[in-house]
Amino acid sequence: MFPIRKARHIFWMVAASLLLVSFGAYASGTKESSSSASSSSQNSSQTSQTVLHWKLADDQPADYPTVKADEYFAKLVKEQTNGKFDIKVFYGGQLGAETQTVQQTISGVIQLNRVNAAPLASFVGDMSVLSLPYIFTSSDGEWKVLYGAPGNQILQSMQKQGLMGLTYYDSGQRSFFTRKTPIESPSDMKGLKIRVQKSPVFVDMVKALGGSPVPMAYGDVFTGLQTGVIDGAENNIPSYVTMSFYQVAPYYSYDGHSRVPEVLFMNLKAWNSLSSAEQSIFKKAAHEASMYERKLWAQKVQTDLKKLQSANVHLYHLTADQVKKFQDAVQPVYKQYSQYSSLINAIKNDQ
């Protein structure tokens with residue numbers, strides 16, 4: 001009896017041992033898998049928490065120099081922050097007209113934006129100086145100012161409105177173009193309805209020249225010209241070609257009244273959320289994007305001029321004496337912005 005009980009006891013002990021070993025091996029394997037899964041899940045969670053999906057607005061088409069520069073900027077930031085900032089460029093006015101996107105950037109709905117300095121002046125007073133007619137004497141002079149102290153002062157002034165200026169993009173020279181007759185002197189402006197950006201400076205300029213300014217969204221200009229709601233508008237050559245304005249307003253007069261730059265900026269709270277290292281990355285990437293955009297801009301101007309040569313477009317190159325008449329006519333505009341006299345003088349002296 002005893003031997004049988006002993007045998008049974010030994011049997012159950014061995015069986016129990018085998019069961020424990022087997023269970024231990026299974027538990028160990030599950031733990032590793034669980035640990036691995038947990039680690040993977042944790043890493044995934046950490047990644048999703050650290051990647052910030054930000055928006056950058058631009059009202060130009062996908063192949064426009066500013067949009068390509070926006071995307072280049074986004075690429076540099078993503079690479080140099082190890083993927084922490086995933087910036088998507090919304091081009092073609094997907095997020096609204098320029099003034100709308102500025103408001104959205106101030107509120108933080110949009111983190112980054114690219115807008116021309118003229119409409120931006122309605123929000124940032126110092127920006128209006130860049131729109132003053134004939135304030136820049138040349139392209140070299142313009143970039144010396146924008147990359148120098150005056151340009152930096154204007155970018156810094158954006159903080160008062162909850163924005164942080166990063167850099168400037170090229171927007172070339174702006175001139176007038178019309179539906180029926182060329183503009184070769186201020187007297188040719190009389191009675192004409194000229195589309196302008198939603199900028200007080202541009203409104204004042206057209207009034208000083210004898211025309212009737214019509215503030216209008218960029219996306220409505222072609223239809224406005226086509227239907228005769230406006231008689232003309234003003235812009236640079238790339239915009240004139242890209243938006244097909246030349247098809248409905250074939251008279252382009254090179255008066256070169258302004259060299260208003262584009263501005264790349266962001267929401268101030270978003271800027272302040274960056275570490276000092278990240279802020280350096282954003283600023284450096286913005287400057288590199290600016291240099292890249294300027295190169296693309298120069299190439300596009302040449303390409304677009306060739307396109308205009310083969311189209312039924314009348315290009316009028318005004319003489320220095322003709323341009324002088326425009327310059328004299330807009331002098332009263334400067335008096336309306338006398339509060340910015342020190343900044344205006346700094347810009348003129350730095351060229």
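See above for the structure.
Residues numbered from 1 in each chain as written. Predicted model: local features only at pLDDT ≥ 70, side-chain atom pairs only at ≥ 80, totals over all residues. Heavy atoms only, no water.

Draft legend 1. View of the overall build of the protein chain. A tally of helices and strands in the protein chain yields 14 helices and 11 strands. Here the protein chain holds 351 residues, and the buried ones make up 49% of them. (Helix = DSSP H or I, 4+ residues; strand = E, 2+ residues; numbered from the N terminus. Buried < 20%, exposed > 50% of the residue type's maximum accessible area, 1.4 Å probe, protein only.)

Draft legend 2. Looking closely at helix 2 (residues 65–80). With 16 residues, helix 2 should cover 22 Å at 1.5 Å per step; its first-to-last C-alpha distance of 22 Å lies within 8% of that length. Those residues of helix 2 not exposed but buried are P65, T66, V67, A69, D70, F73, A74, L76 and V77. Trailing helix 2 by a residue or two, N82 shows a phi angle of about 55 degrees, which is positive. (Expected span 1.5 Å × (residues − 1).)

Draft legend 3. Region of interest: the layout of surface pockets. Roughly 290 Å³ of internal volume is contained in the largest pocket. Lining the largest pocket are 18 residues, with G172, Q173, R259, W297 and V301 positioned closest to its centre. Going through the elements one at a time, helix 5 (139–146), strand 5 (174–178), helix 9 (237–242), strand 9 (251–258) and helix 11 (276–309) are the ones with two or more residues in the lining of the largest pocket. In terms of residues, the lining of the largest pocket owes the most to one element, helix 11, which gives five residues. Within the lining of the largest pocket, the residues separate by chemical class into eight nonpolar, six polar and four charged. By volume, the second largest pocket amounts to about 150 Å³. Lining the second largest pocket, in full, are Y134, F136, T137, Q173, D255, G256, R259, V323 and Q327. Looking at the lining of the second largest pocket, the elements with two or more residues in it are strand 9 and helix 12 (320–329). Of the residues that constitute the lining of the second largest pocket, the class distribution is three nonpolar, four polar and two charged. (1 Å grid on protein atoms, 1.4 Å probe; cavity = no way out; pocket = protein on both sides within 12 Å on 5 of 7 lines; lining within 4 Å. Points joined across faces, edges and corners; volume = space filled by probe spheres on them. Nonpolar A, V, L, I, M, F, W, Y, C, P; charged D, E, K, R; others polar.)

Draft legend 4. Region of the structure containing the packing of aromatic side chains. Tallied over the full model, the rule gives 15 aromatic pairs. Residues Y72 and Y292 carry aromatic rings whose centres are separated by 4.5 Å and whose planes lie at 35 degrees to one another, so their mutual orientation is tilted. Within this pair, whereas Y72 is found in helix 2, its partner Y292 is found in helix 11, the two being separated by 220 residues in sequence. A centroid spacing of 6.0 Å and a plane angle of 90 degrees characterise the contact between Y218 and F245, whose relative ring orientation is edge-to-face. (Phe/Tyr/Trp six-rings, centres within 6.5 Å; stacked < 30°, edge-to-face > 60°.)

Draft legend 5. Molecular detail of empty space enclosed by the protein. What the rule picks out here adds up to two cavities of 30 Å³ or more. Estimates place the volume of the largest cavity at around 220 Å³. Elements that contribute at least two residues to the lining of the largest cavity include exactly helix 3 (98–107) and strand 3 (112–116). In terms of residue class, the lining of the largest cavity is made up of six nonpolar, eight polar and seven charged. Around the second largest cavity sit A57, D58, D59, G93, Q94, L95, G96, A97, E98, T101, N113 and R114, which together line it. Residue assignment for the lining of the second largest cavity shows that the elements contributing at least two residues are helix 3 and strand 3. Along the lines of polarity and charge, the residues of the lining of the second largest cavity split into three nonpolar, five polar and four charged.

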